[in-house]
Amino acid sequence: MLELIKAGGWPMIPLLLLTVAAFAIVVERFWSLRRERILPPGLGAEVRDWVARGHALDPTHIDSLRATSPLGALLAAELDVRQRSREIIRERVEDVGRHLVHRMERFLNSLGTIAAAGPLLGLFGTVVGMIQLFLGILDHGIGDATLLAGGIGKALVCTATGMIVAIPALAFHRYFRGRIASYIVDMEHEAMQLQDVLDATAQAAGRPVD
(Lines give C-alpha, C1' and ligand atoms only; values in the text may rest on other atoms or scores of the structure.)
Protein backbone atom coordinates (compact mmCIF):
# COMPACT_ATOMS: atom_id res chain seq x y z
CA MET A 1 0.00 0.00 0.00
CA LEU A 2 2.84 2.38 0.83
CA GLU A 3 4.35 1.63 -2.55
CA LEU A 4 1.09 2.59 -4.27
CA ILE A 5 0.91 5.85 -2.35
CA LYS A 6 4.53 6.55 -3.24
CA ALA A 7 3.83 5.75 -6.91
CA GLY A 8 0.75 7.94 -7.25
CA GLY A 9 1.21 10.57 -4.57
CA TRP A 10 -1.26 11.71 -1.92
CA PRO A 11 -4.34 11.43 -4.24
CA MET A 12 -3.87 7.67 -3.91
CA ILE A 13 -4.92 7.84 -0.26
CA PRO A 14 -8.65 8.54 -0.92
CA LEU A 15 -8.60 6.00 -3.75
CA LEU A 16 -7.26 3.31 -1.44
CA LEU A 17 -9.86 4.26 1.18
CA LEU A 18 -12.58 3.91 -1.46
CA THR A 19 -11.20 0.49 -2.35
CA VAL A 20 -11.44 -0.67 1.26
CA ALA A 21 -14.98 0.74 1.59
CA ALA A 22 -16.14 -0.91 -1.64
CA PHE A 23 -14.70 -4.27 -0.58
CA ALA A 24 -16.42 -4.05 2.82
CA ILE A 25 -19.78 -3.19 1.22
CA VAL A 26 -19.56 -6.03 -1.28
CA VAL A 27 -18.75 -8.60 1.43
CA GLU A 28 -21.54 -7.30 3.69
CA ARG A 29 -24.13 -7.32 0.89
CA PHE A 30 -23.18 -10.83 -0.19
CA TRP A 31 -23.74 -11.98 3.38
CA SER A 32 -26.97 -10.03 3.95
CA LEU A 33 -28.57 -10.82 0.58
CA ARG A 34 -28.22 -14.57 0.72
CA ARG A 35 -31.35 -16.17 -0.71
CA GLU A 36 -31.95 -18.40 2.31
CA ARG A 37 -31.91 -15.30 4.50
CA ILE A 38 -34.33 -13.29 2.34
CA LEU A 39 -36.63 -16.11 1.17
CA PRO A 40 -36.20 -19.12 3.49
CA PRO A 41 -37.00 -22.31 1.56
CA GLY A 42 -40.49 -23.61 2.24
CA LEU A 43 -41.60 -20.63 4.36
CA GLY A 44 -44.33 -19.54 1.96
CA ALA A 45 -45.73 -23.06 1.65
CA GLU A 46 -45.62 -23.46 5.43
CA VAL A 47 -47.61 -20.26 5.99
CA ARG A 48 -50.18 -21.19 3.33
CA ASP A 49 -50.63 -24.64 4.87
CA TRP A 50 -50.93 -23.03 8.30
CA VAL A 51 -53.70 -20.71 7.06
CA ALA A 52 -55.49 -23.40 5.03
CA ARG A 53 -55.70 -25.70 8.05
CA GLY A 54 -57.44 -22.94 9.99
CA HIS A 55 -54.81 -22.66 12.69
CA ALA A 56 -55.30 -19.74 15.04
CA LEU A 57 -53.69 -16.63 13.61
CA ASP A 58 -52.74 -15.11 16.93
CA PRO A 59 -50.58 -11.94 17.03
CA THR A 60 -47.71 -13.74 18.74
CA HIS A 61 -47.45 -16.28 15.94
CA ILE A 62 -47.63 -13.55 13.30
CA ASP A 63 -44.93 -11.54 15.10
CA SER A 64 -42.66 -14.59 15.16
CA LEU A 65 -43.23 -14.98 11.41
CA ARG A 66 -42.40 -11.30 10.90
CA ALA A 67 -39.03 -11.72 12.61
CA THR A 68 -37.88 -14.66 10.48
CA SER A 69 -36.95 -12.87 7.24
CA PRO A 70 -38.05 -10.18 4.78
CA LEU A 71 -40.43 -12.69 3.20
CA GLY A 72 -41.84 -13.47 6.64
CA ALA A 73 -42.30 -9.73 7.28
CA LEU A 74 -44.24 -9.36 4.02
CA LEU A 75 -46.49 -12.34 4.69
CA ALA A 76 -47.05 -11.22 8.29
CA ALA A 77 -48.14 -7.79 7.05
CA GLU A 78 -50.62 -9.50 4.74
CA LEU A 79 -51.98 -11.60 7.61
CA ASP A 80 -52.32 -8.51 9.81
CA VAL A 81 -55.06 -7.16 7.53
CA ARG A 82 -56.45 -10.48 6.28
CA GLN A 83 -59.99 -9.51 7.32
CA ARG A 84 -59.92 -6.32 5.25
CA SER A 85 -60.66 -5.82 1.57
CA ARG A 86 -58.27 -6.95 -1.15
CA GLU A 87 -57.51 -3.31 -1.94
CA ILE A 88 -56.35 -2.60 1.61
CA ILE A 89 -54.35 -5.84 1.70
CA ARG A 90 -52.61 -4.90 -1.55
CA GLU A 91 -51.80 -1.43 -0.25
CA ARG A 92 -50.34 -2.87 2.94
CA VAL A 93 -48.21 -5.38 1.01
CA GLU A 94 -46.94 -2.64 -1.33
CA ASP A 95 -46.12 -0.34 1.59
CA VAL A 96 -44.21 -3.03 3.49
CA GLY A 97 -42.54 -4.10 0.25
CA ARG A 98 -41.15 -0.59 -0.28
CA HIS A 99 -39.65 -0.62 3.21
CA LEU A 100 -38.12 -4.05 2.60
CA VAL A 101 -36.59 -2.91 -0.69
CA HIS A 102 -35.09 0.09 1.09
CA ARG A 103 -33.53 -2.21 3.69
CA MET A 104 -32.17 -4.62 1.08
CA GLU A 105 -30.64 -1.74 -0.89
CA ARG A 106 -28.68 -0.58 2.14
CA PHE A 107 -25.18 0.66 1.20
CA LEU A 108 -25.86 0.25 -2.54
CA ASN A 109 -26.05 4.01 -3.05
CA SER A 110 -22.64 4.26 -1.41
CA LEU A 111 -21.32 1.57 -3.73
CA GLY A 112 -22.69 3.46 -6.73
CA THR A 113 -21.06 6.66 -5.46
CA ILE A 114 -17.73 4.87 -5.21
CA ALA A 115 -18.13 3.62 -8.78
CA ALA A 116 -18.76 7.18 -9.97
CA ALA A 117 -16.13 8.89 -7.81
CA GLY A 118 -13.27 6.46 -8.47
CA PRO A 119 -12.43 7.62 -12.03
CA LEU A 120 -12.87 11.27 -11.07
CA LEU A 121 -10.45 10.95 -8.17
CA GLY A 122 -8.05 9.08 -10.42
CA LEU A 123 -8.26 11.82 -13.02
CA PHE A 124 -7.75 14.44 -10.33
CA GLY A 125 -4.62 12.66 -9.14
CA THR A 126 -3.32 12.50 -12.70
CA VAL A 127 -3.95 16.20 -13.24
CA VAL A 128 -2.16 17.04 -9.99
CA GLY A 129 0.76 14.85 -11.00
CA MET A 130 0.98 16.42 -14.45
CA ILE A 131 0.88 19.92 -12.96
CA GLN A 132 3.76 19.02 -10.64
CA LEU A 133 5.65 17.49 -13.55
CA PHE A 134 5.34 20.55 -15.80
CA LEU A 135 6.16 22.91 -12.96
CA GLY A 136 9.34 20.90 -12.47
CA ILE A 137 10.13 21.21 -16.18
CA LEU A 138 9.54 24.95 -15.97
CA ASP A 139 12.03 25.25 -13.12
CA HIS A 140 14.70 22.80 -14.25
CA GLY A 141 14.12 22.19 -17.95
CA ILE A 142 13.31 18.92 -19.68
CA GLY A 143 16.55 17.25 -18.69
CA ASP A 144 16.55 13.48 -18.96
CA ALA A 145 13.74 12.12 -21.16
CA THR A 146 13.66 8.97 -19.04
CA LEU A 147 12.79 10.98 -15.96
CA LEU A 148 10.07 12.79 -17.93
CA ALA A 149 8.53 9.49 -19.02
CA GLY A 150 8.73 8.21 -15.46
CA GLY A 151 6.96 11.29 -14.18
CA ILE A 152 4.13 10.89 -16.68
CA GLY A 153 3.80 7.22 -15.78
CA LYS A 154 3.65 8.10 -12.10
CA ALA A 155 0.85 10.60 -12.79
CA LEU A 156 -1.14 8.02 -14.75
CA VAL A 157 -1.03 5.54 -11.87
CA CYS A 158 -3.91 7.42 -10.23
CA THR A 159 -6.10 7.13 -13.33
CA ALA A 160 -5.46 3.41 -13.55
CA THR A 161 -6.19 2.94 -9.85
CA GLY A 162 -9.43 4.92 -10.13
CA MET A 163 -10.63 2.65 -12.93
CA ILE A 164 -9.60 -0.47 -11.02
CA VAL A 165 -11.74 0.72 -8.11
CA ALA A 166 -14.71 1.87 -10.20
CA ILE A 167 -15.21 -1.07 -12.56
CA PRO A 168 -15.76 -3.78 -9.91
CA ALA A 169 -17.82 -1.37 -7.79
CA LEU A 170 -20.13 -0.66 -10.75
CA ALA A 171 -20.38 -4.36 -11.63
CA PHE A 172 -21.31 -5.38 -8.09
CA HIS A 173 -23.74 -2.46 -7.77
CA ARG A 174 -25.68 -3.66 -10.80
CA TYR A 175 -25.43 -7.29 -9.70
CA PHE A 176 -26.96 -6.57 -6.30
CA ARG A 177 -29.70 -4.44 -7.87
CA GLY A 178 -30.60 -7.34 -10.11
CA ARG A 179 -30.57 -9.80 -7.24
CA ILE A 180 -32.90 -7.60 -5.19
CA ALA A 181 -35.27 -7.21 -8.16
CA SER A 182 -35.38 -11.00 -8.48
CA TYR A 183 -36.17 -11.36 -4.78
CA ILE A 184 -39.00 -8.82 -5.03
CA VAL A 185 -40.61 -10.75 -7.88
CA ASP A 186 -40.47 -13.98 -5.87
CA MET A 187 -41.84 -12.26 -2.75
CA GLU A 188 -44.74 -10.79 -4.72
CA HIS A 189 -45.51 -14.27 -6.06
CA GLU A 190 -45.56 -15.69 -2.53
CA ALA A 191 -47.86 -12.87 -1.40
CA MET A 192 -50.29 -13.56 -4.26
CA GLN A 193 -50.35 -17.26 -3.45
CA LEU A 194 -51.13 -16.47 0.18
CA GLN A 195 -53.90 -14.13 -0.92
CA ASP A 196 -55.47 -16.98 -2.92
CA VAL A 197 -55.44 -19.18 0.19
CA LEU A 198 -56.96 -16.38 2.30
CA ASP A 199 -59.71 -15.93 -0.28
CA ALA A 200 -60.44 -19.65 -0.35
CA THR A 201 -60.53 -19.77 3.45
CA ALA A 202 -62.91 -16.80 3.57
CA GLN A 203 -65.24 -18.39 1.02
CA ALA A 204 -65.24 -21.67 2.95
CA ALA A 205 -66.21 -19.74 6.07
CA GLY A 206 -69.03 -18.01 4.20
CA ARG A 207 -67.40 -14.55 4.27
CA PRO A 208 -67.67 -12.36 1.18
CA VAL A 209 -64.46 -11.77 -0.80
CA ASP A 210 -64.21 -8.26 -2.21
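Residues numbered from 1 in each chain as written. Predicted model: local features only at pLDDT ≥ 70, side-chain atom pairs only at ≥ 80, totals over all residues. Heavy atoms only, no water.

A closer look at the overall build of the protein chain
Filter applied, for reference: Secondary structure is summarised from DSSP: a helix means a run of H or I of at least four residues, a strand means a run of E of at least two, and numbering begins at the N terminus for each. A 1.4 Å probe rolled over the protein chains alone gives each residue an accessible area, and that area as a share of the maximum for its type sets the label: buried under 20%, exposed over 50%, partly exposed in between. Whether two residues touch is decided by their heavy atoms; if any such pair falls within 4.5 Å, the residues are in contact. Each accessible area is a Shrake-Rupley estimate made with a 1.4 Å probe; only the visible protein chains count as cover when residues are assessed.
From N to C terminus, the protein chain includes nine helices and zero strands. Reading the protein chain from its N end, one meets helices and strands in the order α-α-α-α-α-α-α-α-α. A total of 210 residues make up the protein chain; the buried ones form 36% of that total. Residue pairs in contact within the protein chain that sit at least 24 positions apart in sequence constitute 76% of those at least 6 positions apart. On the protein chain, roughly 12400 Å² of surface is accessible, and the fraction owed to carbon and sulfur atoms is 65%.

Regarding unusual backbone geometry
The phi dihedral of phenylalanine 107 falls on the positive side, at around 75°, and the residue is not glycine. The partly exposed category is assigned to phenylalanine 107, whose relative accessible area is 33%.

A closer look at helix α4 (residues 43-52)
Applied cut-off: In this description, one arc is meant: the one made by directions from the helix axis to the C-beta atoms.
Along α4, the residues that are buried comprise Leu43, Gly44, Val47, Arg48, Trp50 and Val51. Projected onto a plane normal to the axis of α4, the buried residues spread over an arc of 160° and lie on a single side. In α4, the exposed positions that point more than 90 degrees away from the buried face belong to Glu46 and Ala52. After α4 finishes, the residue glycine 54 shows a positive phi value of roughly 75°.

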